[in-house]
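Listed below are the residues making up each chain.
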Amino acid sequence: MLALIPDFDPLVSILTSGPETSSSFVHLLFSQTITALLPAVETAGKDDALCAFAGTYIDEASNSTLTLNLDNEGPGLGITEWAVRGTDVPAQWLNYIAAVATSLPKVHLSTRLYPSGRTPDSRTAWRVAIDLGSPEEIAQADAQLFWVVKRGA
């Protein structure tokens, strides 16, 4: 069995032979290997991200600030402060997506950055994901989806 896990870049290869090996044995061995390996790889990735990217980035010329941290709300880096030209972006988010509304409810916003690969000049590219709702509400919605990894389970 050969498996590449693109989020972390490891390649796992399990080679077996002989009549005593079966596909169920290979699948079980693979599952146990990945289950043991991924938490360590994820922890190492978080440690690297903490050293390389977490912190506060300030551009005084444009009065913009971005603060990134590691938390347990999900994968990637959490955005705890995001201001562009002095405007708090999360506080204005509903205004961006509901331009015709005159009054909007106050909603908790979870913003996260995920690495999306490297550019040809060795810079890291990122994508932002935005979830509306409290961490509990987001976890409740995620629990209904089969493809969402259950953290802490």
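Okay, so let's go over this structure. For clarity, every value in this text was computed on a predicted model and none was experimentally measured.

**Observations regarding helix H1 (residues 23–52)**
Helix length check: H1, at 30 residues, gives a terminal C-alpha distance of 41 Å against a target of 44 Å (1.5 Å per residue), a fit within 8%. The sharpest bend along H1 comes to roughly 25 degrees, located at Leu 37, with the proline Pro 39 sitting one to four residues further on. Every buried residue of H1 is accounted for by Val 26, Phe 30, Ile 34 and Ala 49. Buried residues belonging to H1 abut strand S1 (2–4), strand S2 (11–13) and strand S5 (77–84).

**Details of the side chain of Ser 62**
Structurally, Ser 62 is set in the loop between strand S3 (55–59) and strand S4 (64–69). Within the structure, the side chain of Ser 62 is placed 2.9 Å from the side chain of Asp 59, a separation counted as a polar contact. Beyond its immediate stretch of four places on either side in the chain, Ser 62 contacts Arg 85 and Gly 86.

Quick notes on the rules
- Residues numbered from 1 in each chain as written.
- Predicted model: local features only at pLDDT ≥ 70, side-chain atom pairs only at ≥ 80, totals over all residues.
- Heavy atoms only, no water.
- Helix = DSSP H or I, 4+ residues; strand = E, 2+ residues; numbered from the N terminus.
- Expected span 1.5 Å × (residues − 1).
- Bend = angle between axes of the 7 residues up to and from the residue.
- Buried < 20%, exposed > 50% of the residue type's maximum accessible area, 1.4 Å probe, protein only.
- Contact = heavy atoms within 4.5 Å.
- Polar contact = N/O pair within 3.5 Å; in protein donor to acceptor, adjacent residues only side chain to side chain.

By themselves, these figures tell us nothing about what the structure is for.
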